[in-house]
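Here are the chains, one letter per residue:
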Amino acid sequence: MRYEALFTLKGRFYGGESGPARANGCECAGEIFPVIVIHGGTSGLDLTKEEFKIREEPMKKALLAGQAVLEKGGSAMDAVTAAIMVLEDDPNFNAGKGAVFTADGFNELDASIMDGSTKKAGAFAMARHIKNPILGARLVMDKTWHTLVAGEGADKLAKENGLEMVDQKYFFTQFRYDALQKAKEKQKLLLDSEKAKKTSLNLHERPYLGTVGAIALDQNGNLAAATSTGGMTNKMTGRIGDSPIIGSGTYADNDSVAVSCTGTGDIYMRVNAAHEVSALYKYKTQDVQKAAEDAIAQVKALGGSGGIISIDKNGHTGFAWTKDKLGMYHGEARLGAKPIVYWPLGEK
Ligand code: ASP
């Protein structure tokens, strides 16, 4: 057996009865087993099969794009960039086209990328006109001495470097716009009525689904991580989440793990969730699954929700999400294997 299956996640999944044989890396000395893993955000567990299907195909396409890079001997950085671009171009995801709206009706895009071999990173925040924010993040990393560029400066940098720019209307989708109206109604209700105050504002109803993340290990043993999002529906204009914050939403270090997060970013930032997975792996010698679960537990303890994907330097994979109410779209593709996409239905 080429890969050693360390465990299988319990539960039922769309995409496969018992979920993939997880953490199927290998400690075989000197051998590297390249892999790409992606997520497409979290949502309520009552997701229908139809809703799963709509996003299954683009997720597979994204995995194939990343896998093709790895198969040609390309870098983990190029693999995660290729995968994220597919999802940014698909209107079903909250990244690039299809991004959620701010309270004032804008689309403000956040993205980041990190190279585990050099620990260089780049991030874009609050960009309004770049078609593929992940390319903006890479630009910051490759062409500037900064790590995070936000707002007008981000769009200006992208334009000056010839990246494709679009009007705000390019990002528009009716379902995200409707979600904004619904969120505003709900917020009004929450403010207006004593009774409604007792019902919690569920930040991960379907309208929030769709932040995207990709992590990869290439044949040279290099790890990379990338995340892209429109943030959270009805966020304050100017609000920046965890996705463009290195260590919070994205992290990669060849000595430990590559991580991408999705969820209530304002909490992930307080936990430094992505770096926390690396720290637990490196200093507490937890395996990558346990490290992801422990980091998610910390997010949950502060009232947050969401999910984490991770790969360690040996190609073991870890998937964790706040299971009580949520599922997380996730998928993986090893070299020579068919890409698989999963949605957890919860344990029976
Ligand atoms: N983490 C993103 C943010 O807070 C949202 C998400 O992943 O759903 O901006």
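Just above, that's the structure.
## Some thoughts on the site of the ligand
Close to the ligand lie 11 residues; Thr-211, Arg-239, Asp-242, Thr-262 and Gly-263 are nearest. A distance of 2.6 Å is found between a nitrogen atom of the ligand and a side-chain nitrogen or oxygen belonging to Asp-242. Take Gly-265: an N or O atom from its main chain is 3.0 Å from an oxygen atom of the ligand. Of the residues assigned to the shell around the ligand, the class counts are one nonpolar, eight polar and two charged.

## Side note on helix H1 (residues 49-71)
One turn of an α-helix holds 3.6 residues; hence residues three or four places apart share an orientation. Spanning 23 residues, H1 covers 31 Å between terminal C-alpha atoms, matching the ideal 33 Å at 1.5 Å per step. The sharpest bend along H1 measures roughly 25° and falls at Glu-56, with the proline Pro-58 sitting one to four residues further on. Looking at H1, one finds that the buried residues are Glu-51, Phe-52, Arg-55, Glu-56, Pro-58, Met-59, Ala-62, Leu-63, Gly-66, Gln-67, Val-69 and Leu-70. Just beyond H1, the residue with positive phi is Gly-73, at close to 85°.

## Quick look at the packing of H1 against helix H2 (residues 76-89)
In a pair of packed helices, the angle between the axes and the distance between the axes together describe the arrangement. H2 packs onto H1 with a crossing angle of 160° between their chain directions and a minimal axis gap of 8 Å. When the axis of H1 is compared with that of H2, the two are roughly antiparallel. Crossing angle aside, the handedness with which H1 passes H2 is right-handed. Note on element contacts: H2 touches H1 through Ala-76, Asp-78, Ala-79, Ala-82, Ala-83, Val-86 and Leu-87, opposite Pro-58, Met-59, Lys-61, Ala-62, Ala-65, Gly-66, Val-69 and Leu-70. Of the residues contributing to the contact of H1 with H2, the split by class is 12 nonpolar, one polar and two charged.

## Let's talk about the packing of aromatic side chains
Tallying each qualifying case throughout the model produces six aromatic pairs. Between Phe-101 and Phe-172 the ring centres are 5.9 Å apart and the planes differ by 65°, which places this aromatic pair in the edge-to-face class. Placement of Phe-101 in the loop between H2 and strand E5 (109-115) and of Phe-172 in the loop between helix H4 (151-160) and helix H5 (174-192) is noted, with a sequence separation of 71 residues between them. You can call Phe-172 partly exposed: its relative accessible area is 34%. Between Tyr-170 and Phe-171, the aromatic rings sit 5.2 Å apart at their centres with planes inclined by 80°, giving edge-to-face as the arrangement. The class of Phe-171 is buried, set by a relative accessible area of 0%. One aromatic cluster is present, built from ring pairs that chain together Phe-52, Tyr-329 and Trp-343. Positioned above the aromatic ring of Tyr-170, the side-chain terminus of Lys-97 is 5.0 Å from the ring centre. Directly above the ring of Phe-106 sits Arg-128, whose terminal nitrogen or CZ lies 3.7 Å from the centroid.

## A word on the pairing of strand E11 (residues 257-263)
With seven of seven residues buried, E11 is to be regarded as a mostly interior element. Covered by surrounding structure in E11 are Val-257, Val-259, Cys-261 and Gly-263 together with Ala-258, Ser-260 and Thr-262, the residues of both alternating faces. Of the pairings in the sheet, the one linking strand E10 (residues 250-252) to E11 comprises three bridges and is antiparallel in character. Within E11, the position partnered with Ala-252 by the bridge is Ala-258. Here E10 folds back onto E11, and the loop between the two strands holds four residues. As paired strands, E11 and strand E12 (residues 306-312) are joined by seven bridges and run antiparallel to one another. Bridge pairing in E12 links Gly-263 to Gly-306.

Conventions we followed
- Residues numbered from 1 in each chain as written.
- Predicted model: local features only at pLDDT ≥ 70, side-chain atom pairs only at ≥ 80, totals over all residues.
- Heavy atoms only, no water.
- Near = heavy atom within 4 Å.
- Polar contact = N/O pair within 3.5 Å; in protein donor to acceptor, adjacent residues only side chain to side chain.
- Nonpolar A, V, L, I, M, F, W, Y, C, P; charged D, E, K, R; others polar.
- Helix = DSSP H or I, 4+ residues; strand = E, 2+ residues; numbered from the N terminus.
- Expected span 1.5 Å × (residues − 1).
- Bend = angle between axes of the 7 residues up to and from the residue.
- Buried < 20%, exposed > 50% of the residue type's maximum accessible area, 1.4 Å probe, protein only.
- Axes fitted to C-alpha atoms, helices over the stretch in contact; angles between N-to-C directions.
- Parallel < 35°, antiparallel > 145°, perpendicular 65-115°, else oblique.
- Left-handed = near helix turned anticlockwise from the far one by under 90°.
- Contact = heavy atoms within 4.5 Å.
- Phe/Tyr/Trp six-rings, centres within 6.5 Å; stacked < 30°, edge-to-face > 60°.
- Lys NZ or Arg CZ within 6 Å of the ring centre and 35° of its normal.
- Pairing = 2+ DSSP bridges.

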